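Listed below, chain by chain, are the residues.
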Amino acid sequence: MTVVKQKDQHMRNLSVDGARLWDCLMEMAKIGATPKGGSRRLALSNLDREGRDLFVRWCREAGCAIRVDRMGNIFARRPGRDDGLPPVMMGSHLDTQPSGGRFDGVYGVLAGLEVVRTLNDHGYETDAPVELSVWTNEEGARFAPSMIGSGVFAGAYPLEKGLACSDTDGRTVGGELQRIGYAGDEECGGRPIRAFFEAHIEQGPILEAEDKTIGVVTGAQGLRWYDVTVGGTDSHAGTTPMDRRRDAMAGAAGMVVAVERIGRETPAAVTTVGMMRVAPNSRNVIPGEVFFTIDARHPDAAALETMDTTIRDVCADIAGQAGLALKISDVTDTAPVVFDAECVAAVRRAAEQAGYAHRDIVSGAGHDACFINRVAPTAMIFVPCKDGVSHNETESATPEDLTAGCNVLLRVVMDAAEV
Ligand code: HGY
Ligand code: MN
Ligand code: MN
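Residues numbered from 1 in each chain as written. Chains lettered and ligands numbered in written order. Predicted model: local features only at pLDDT ≥ 70, side-chain atom pairs only at ≥ 80, totals over all residues. Heavy atoms only, no water.

Visitor: Mind showing me how you'd approach the domain arrangement of the protein here?
Guide: You'll often see interface size given as the accessible area lost when the parts meet. Structurally, the protein comprises domain 1 (9–221 + 336–416) and domain 2 (222–334). For domain 1 versus domain 2, the separation of C-alpha centres amounts to 34 Å. Carbon and sulfur atoms make up 61% of the surface buried where domain 1 meets domain 2, a total of about 960 Å² over both sides. Our count for the domain 1 to domain 2 interface comes out at zero salt bridges. Taken together, the connections running from domain 1 to domain 2 amount to two residue pairs in polar contact (both at pLDDT 80 or more). (Domains from an automatic or database assignment. Buried area = accessible area lost by both parts, 1.4 Å probe. Salt bridge = Lys/Arg side-chain N within 4 Å of Asp/Glu carboxyl O. Polar contact = N/O pair within 3.5 Å; in protein donor to acceptor, adjacent residues only side chain to side chain.)

Okay, here's the thing in structure tokens:
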């Protein structure tokens, strides 16, 4: 590979191979493909292993050295002229929701691979090394909390907590990493990173509605997850008079409606009850226990704090009036994030130089970048998705927009990797 001084001006206008990127996305989408055209690769499942293995093979073919840390985070490293410099990192996640789409997370990973391939195609040597990362269990669908791999890497959670997270069958992150062969020996984090960039679909309707190609992501809203258990008394549906019941389902239902109303009545807030388990879950038994989850988000920390108090109070009132037991456990509490101003400006500049319509945007979704932002200058690049739909098998994005976002990623990585 002939090395070309990276200062050559014409090298500044490299473009990625959008068709190759699309083909990779579709190849990865075959792993865990769902009947309605989505993806199901739950974190650390056999399908997640298959996706990881395919990614590692592609990166090795692109000349990258592979390292895996103790949380199963994968790092594919392309050497730089001065390999002692802290790397410029790109990346996202390969795990999906149970009925997820083909682009959430995967796009940021494979756009990074396309950047590496493009640099290779042109024999472009960066000063600093470039690393492409895959973070473990970003979605939080199988193991809670979400973003646990990047969270441990960034020091938000101790390693022991990360490895001990378990799914509803009692399998732990640590055990599953061993089982699928991704229990690495590298310590998590604690090393300097020059900058981190994550490309991602917006997962919301704004860019598409405003006909913008690039979202210059300035930050992300705050997020709180709760586990709620409502305790009543199992009893016979036919013989128990209505005034003698401790009906955990009726109590939980009132709380779900109240939580939804808090989201709807608090400007800029969103609240969701996504999971529910009923015990004993028999049609002629009054439920004695109901478990459900709450996901509450807001871009402002004080407003999120107020929502926290209101949610706890309203659930306690409902339980008190119905004589029910109530337990609310905090699962995750991540404050609103502001990304690095220089990295954000680099994304904006790259979009302008490429002539892409763009706008600043705050992410409604959480991302690994939100944790990496604690240990490295970080920013994100958004591209539109159809109807703003995500966490849904019909999630869709255009090859043109995906290519544009990847070109912006290429530019900011090349700039950041220059000394
Ligand atoms: O929940 C989120 O915001 C992300 O998709 N894991
Ligand atoms: Mn994601
Ligand atoms: Mn997601």
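Visitor: Explain the side chain of Glu176 to me, please; I cannot follow it from the model alone.
Guide: You can see Glu176 is positioned in helix 6 (residues 173–180). Residue class for Glu176 comes out buried when judged on its relative accessible area of 5%. Setting aside anything within four residues of it in sequence, one finds Glu176 in contact with Leu44, Arg142, Phe143 and Arg171. (Helix = DSSP H or I, 4+ residues; strand = E, 2+ residues; numbered from the N terminus. Buried < 20%, exposed > 50% of the residue type's maximum accessible area, 1.4 Å probe, protein only. Contact = heavy atoms within 4.5 Å.)

Visitor: Before we go on, may I ask you to explain the coordination of the manganese ion (ligand 2) in this structure?
Guide: Put simply, a metal with four donors set out as a tetrahedron has ideal angles of 109.5 degrees, and one with six donors set out as an octahedron has ideal angles of 90 or 180 degrees. Looking at the manganese ion (ligand 2), the protein donor atoms are His93 (NE2), Asp104 (OD) and His200 (NE2), and they sit 2.1 to 2.3 Å from it. Of note, the manganese ion (ligand 2) draws all its donor residues from one chain, in the sequence arrangement H-x10-D-x95-H. For Asp104, a relative accessible area of 5% translates into the label buried. Accessibility expressed as a relative area gives 1% for His200, which makes it buried. (Donors = N, O, S within 2.8 Å, 3.2 Å for Na, K, Ca; no water.)

Visitor: How should the site of ligand 1 be read in this particular structure?
Guide: Around ligand 1, the neighbouring residues are Glu138, Glu139, Arg297, Ala365, Gly366 and His391. A distance of 2.7 Å is found between an oxygen atom of ligand 1 and a backbone nitrogen or oxygen belonging to Gly366. In isolation ligand 1 offers 210 Å² of accessible surface; the protein chains occlude 96% of this area. Its residues assigned to classes, the shell around ligand 1 comprises one nonpolar, two polar and three charged. (Near = heavy atom within 4 Å. Areas by Shrake-Rupley, 256 points an atom, 1.4 Å probe, with all protein chains shown as cover. Nonpolar A, V, L, I, M, F, W, Y, C, P; charged D, E, K, R; others polar.)

Visitor: Would you mind going over the environment of Gly112 with me for this structure?
Guide: Checked against the element boundaries, Gly112 lands in helix 3 (residues 106–121). Relative accessible area serves as the criterion here: at 0%, Gly112 is assigned to the buried category. As a C-alpha pair, Gly112 and Arg245 span 133 residues in sequence and 57 Å in three-dimensional space.

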